[in-house]
Amino acid sequence: MARAQFQKGQKVWVESVGLWADVERVIPVWAKGFDEPVRVTYDVGLGREFQGHELQLPENDTMKTGLGNWRVLRARNKWQDQNDCAHHPFPGSYPVVVTDQADWGGWRVPGAEYDRMPEKIEQQARIIAAAPEMLAILNQLIDSVDENPMDAPPEARRLADASKAVLRRIHSQPMPTTKPALTEHLEPSASPAPVGDKAA
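Residues numbered from 1 in each chain as written. Predicted model: local features only at pLDDT ≥ 70, side-chain atom pairs only at ≥ 80, totals over all residues. Heavy atoms only, no water.

Undergrad: Which residues make up the environment of Glu133, and what values go with them?
TA: Relative to the assigned elements, Glu133 resides in helix H3 (residues 131–147). Sequence-wise, Glu133 and Asn69 are 64 residues apart; in three dimensions their C-alpha atoms are separated by 9.3 Å. (Helix = DSSP H or I, 4+ residues; strand = E, 2+ residues; numbered from the N terminus.)

Structure below.
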């Protein structure tokens, strides 16, 4: 099975050509009887498709947040035929955000939700996958302002304060509620039989 190593719009170094390029298309190749692509190639606008081992990420793109390399992979759409979902951005597949080095674990949506608004879900997947990089940028902004707070422009200080508020929300534990939020949507369970009662 093949896994997508890069995503659309990502900047990559093309070793065989010796230049930087942007991934224009991720091209999964499906085979009957397999749940995942058997091969994934990339169109970077250079006249041919490249395999993953021919491309490299810039060094500054590596994650330094301790969260790892979150990425968007493509999973095969099992609930719809490719012809029935031609309106999807990538017919025959849907995005899965992987947050583990072993290509499993992470975030995904139900098929019906994806079919209802595929473009929005694709964008959400890219935002989630970019979260570690955005977190690193917030930390860098805070550090740069904290080094010389009196010399930082007012707008930079305001952005650093807003970044700290976001980080507080990320790192704080939610307060327990007195009753679960979903109880009103659940069917009431049957009352247990009194102890000692026997079925007739």
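Undergrad: Residue-level account of the packing of H3 against helix H4 (residues 154–171), with values.
TA: Packed helices, taken two at a time, are described by their axes: the angle between them and the distance between them. Axis separation between H3 and H4 bottoms out at 9 Å; the angle between their running directions is 130°. Judged by the inter-axis angle, H3 sits oblique to H4. Crossing of H3 over H4 shows left-handed handedness. Facing H3, whose interface residues are Leu135, Leu138, Asn139, Leu141, Ile142, Val145 and Asp146, H4 presents Ala156, Arg157, Leu159, Ala160, Ser163, Lys164, Val166, Leu167 and Ile170. Of the residues contributing to the contact of H3 with H4, the split by class is 11 nonpolar, two polar and three charged. (Axes fitted to C-alpha atoms, helices over the stretch in contact; angles between N-to-C directions. Parallel < 35°, antiparallel > 145°, perpendicular 65-115°, else oblique. Left-handed = near helix turned anticlockwise from the far one by under 90°. Contact = heavy atoms within 4.5 Å. Nonpolar A, V, L, I, M, F, W, Y, C, P; charged D, E, K, R; others polar.)

Undergrad: Tell me what's going on with the sheet that holds strand S1 (residues 11–14), and back it up with residues and numbers.
TA: Taken together, the three strands give an open sheet; going across it, the order is S2-S1-S6, and neighbouring strands pair in antiparallel fashion. Looking along the sheet, the strands with just one partner apiece sit at the ends: strand S2 (19–22) and strand S6 (55–56). Pairing between S1 and S6: two bridges, direction antiparallel. Residue pairing in the sheet places Val14 in a bridge with Leu55 of S6. (Pairing = 2+ DSSP bridges.)

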